[in-house]
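Structural description and commentary
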Amino acid sequence: MKKTPVILDGDPGHDDAIAWVLAKASTQLDILAVTTCCGNQTLEKTTYNAGRIMALIGLDVPLAAGRIKPLLADPMVAPSVHGVSGLDGPDLPSPLREPLTIDAVTLMAQCVEQQSDQVALIPTGPMTNIAAFLLLYPQLKNKISHIYLMGGGIGHGNWTPAAEFNILVDPEAADIVFRSGIPITMAGLDVTEQALLYPEDFDRIGAIGSEVAKVTAGWLEFFYGFHRALGYHGAPVHDAVAVAALIRPDLLTFQDLYVEIETTGDYSRGATIGDVYGISNKPANVRCIVDIDREGFVDLLVDAVRFYGRDADE
Ligand code: RIB
Ligand code: CA
């Protein structure tokens, strides 16, 4: 089966890390590059974390850091969720090499230009780099097949009542992406808060016994800590749903929607406003994920972790 060329862009971040564990294990994806953005932590920290994750999972592809801050907004970070490092919890190997000296957008353009096929983008953080790529290389837009993003929430937010974190950090970037005309699949809170892994799932993954298994279980345990305090019964592995949308759409339920991004508003900046009733008469610009086969999703993650080494007792 022909592999889909993809670029992973994120702000690792525990769930970004798990999304990349899933992506690397997939036989369907040809990961061309990893790029980083500021979001969960500063660009320096997310880039260092990306290097550590890539060393852990043996992802030997170019890595480049993106823009130091959102297009217009001041940077925001989330140490309460991911810790001061942005990836607190299990010890990780050091990066195998430094990030490239070119920036993420330049690397994206080089990868896309070199590919004869179209390339899919999988942003799991604020979409600053994606928007910058579209602004700087409009001639390459037609080389992007699809954007599978984690972000937004038609029904609610998680950083303000209206806005989900990734969109809120850089609403201007999200607006550029959602207006781009590129096919978009949106893994918003509507589905990602159903993509829960419970402590018994952490144990199932940890029992596989490999280093990746132990670290992934540790990431889940740490990530669950913040969410448990909010009343969640499990860890919402938001970002991995964006990868699942590409490799296992059969686990998901989709709804085509016209979605626009609120970039002003005292209370609603960063909201992803979905036209559920078609009132705007505007064509859908997003395939919004609205439901997930949670157990199938957990099995997908367990199988992905097994890719890195079989069960200790096997
Ligand atoms: O709101 C969830 C999103 O914000 C995830 O991508 C998580 O990693 C954080 O970036
Ligand atoms: Ca993220």
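Higher on the page you've got the structure.
Definitions and cut-offs
Residues numbered from 1 in each chain as written. Chains lettered and ligands numbered in written order. Predicted model: local features only at pLDDT ≥ 70, side-chain atom pairs only at ≥ 80, totals over all residues. Heavy atoms only, no water. Near = heavy atom within 4 Å. Polar contact = N/O pair within 3.5 Å; in protein donor to acceptor, adjacent residues only side chain to side chain. Areas by Shrake-Rupley, 256 points an atom, 1.4 Å probe, with all protein chains shown as cover. 1 Å grid on protein atoms, 1.4 Å probe; cavity = no way out; pocket = protein on both sides within 12 Å on 5 of 7 lines; lining within 4 Å. Sits in = over half its atoms within 2 Å of the grid points. Helix = DSSP H or I, 4+ residues; strand = E, 2+ residues; numbered from the N terminus. Nonpolar A, V, L, I, M, F, W, Y, C, P; charged D, E, K, R; others polar. Pairing = 2+ DSSP bridges. Axes fitted to C-alpha atoms, helices over the stretch in contact; angles between N-to-C directions. Donors = N, O, S within 2.8 Å, 3.2 Å for Na, K, Ca; no water. Buried < 20%, exposed > 50% of the residue type's maximum accessible area, 1.4 Å probe, protein only. Lys, Arg positive; Asp, Glu negative; His and termini not counted. Salt bridge = Lys/Arg side-chain N within 4 Å of Asp/Glu carboxyl O. Contact = heavy atoms within 4.5 Å. Points joined across faces, edges and corners; volume = space filled by probe spheres on them. Phe/Tyr/Trp six-rings, centres within 6.5 Å; stacked < 30°, edge-to-face > 60°. Lys NZ or Arg CZ within 6 Å of the ring centre and 35° of its normal.

**Some words on the site of ligand 1**
The full set close to ligand 1 counts 13 residues, and Asp15, Thr124, Asn158, Glu164 and Asp239 are the nearest of them. One of the side-chain N or O atoms of Asp16 is found 3.0 Å from an oxygen atom in ligand 1. Within the backbone of Thr124, a nitrogen or oxygen atom sits 2.9 Å from an oxygen atom of ligand 1. Burial of ligand 1 by the protein chains amounts to 96% of its free accessible area of 270 Å². More than half of the atoms of ligand 1 fall within 2 Å of the grid points belonging to the largest pocket. Looking at the shell around ligand 1, the elements that each hand over two or more residues are helix H1 (14-25), helix H6 (165-169) and helix H11 (238-247). Considered class by class, the residues forming the shell around ligand 1 number 2 nonpolar, 6 polar and 5 charged.

**A word on the sheet that holds strand E12 (residues 286-292)**
As summarised here, the arrangement of the 8 strands in space is E3-E2-E1-E4-E5-E6-E12-E9, forming an open sheet in which the pairing is mixed. Each having just a single partner strand, strand E3 (63-65) and strand E9 (252-257) make up the two edges of the open sheet. Strand after strand, the sheet turns through a mean of 25° between neighbouring axes, direction not considered. Of the strand pairs in this sheet, strand E4 (residues 119-123) and strand E5 (residues 144-150) are connected by 3 bridges, and their pairing is parallel. Across the sheet, the residue bridging to Ala120 is His146, located in E5.

**Some points on the coordination of the calcium ion (ligand 2)**
Summarising the metal site, the calcium ion (ligand 2) is bound by the protein donors Asp11 (OD), Asp16 (OD), Asp16 (OD), Thr124 (O) and Asp239 (OD), whose distances to it range over 2.2 to 2.6 Å. Read from N- to C-terminus, the donor residues coordinating the calcium ion (ligand 2) fall into the pattern D-x4-D-x107-T-x114-D. Here Thr124 is found in the loop between E4 and helix H5 (128-136), whereas its partner Asp239 is found in helix H11, with 115 residues between them in sequence. The residues Thr124 and Asp239 share a single accessibility class, namely buried.

**Some remarks on the side chain of Asp170**
As for its position among the elements, Asp170 is in the loop between H6 and helix H7 (171-178). Although Asp170 is buried, it forms no salt bridge, and the closest oppositely charged side chain is Arg269 at an N-O distance of 6.1 Å. Of the polar contacts made by the side chain of Asp170, one reaches the backbone nitrogen of Ala173; its length is 3.0 Å. Residues contacting Asp170, with those up to four places away along its chain left out, are Pro70, Leu71, Pro126 and Thr128.

**Examining the layout of surface pockets**
Space inside the largest pocket adds up to approximately 270 Å³. In this structure, the largest pocket is lined by 23 residues; those nearest its centre are Val81, Asn158, Phe165, His227 and His238. Of all the secondary-structure elements, those providing two or more residues to the lining of the largest pocket are H1, helix H3 (79-82), H6, helix H10 (211-229) and H11. Broken down by class, the residue content of the lining of the largest pocket amounts to 10 nonpolar, 7 polar and 6 charged. Reported here for the second largest pocket is a volume of approximately 190 Å³. Lining the second largest pocket are Leu22, Ala25, Ser26, Thr27, Gln28, Ile247, Arg248, Gly296, Asp299, Leu300, Asp303 and Ala304. Listing elements by their share of the lining of the second largest pocket, those giving two or more residues are H1 and helix H12 (294-306). Residues of the lining of the second largest pocket, tallied by class, amount to 5 nonpolar, 4 polar and 3 charged.

**Regarding the packing of aromatic side chains**
Evaluated as defined, the whole model comprises 4 aromatic pairs. A ring pair is formed by Phe202 and Tyr224, whose centres lie 5.7 Å apart and whose planes are at 70°; its orientation type is edge-to-face. Taken together, the residues Phe202 in helix H9 (residues 199-206) and Tyr224 in helix H10 connect sequence positions 22 residues apart. Each member of the pair Phe202 and Tyr224 is classed as buried. Between the aromatic rings of Phe307 and Tyr308, the centroid separation amounts to 4.9 Å while the plane-to-plane angle is 85°, which identifies the pairing as edge-to-face. Positioned over the ring face of Phe254 is Arg287, at 3.9 Å from the centre of the ring.

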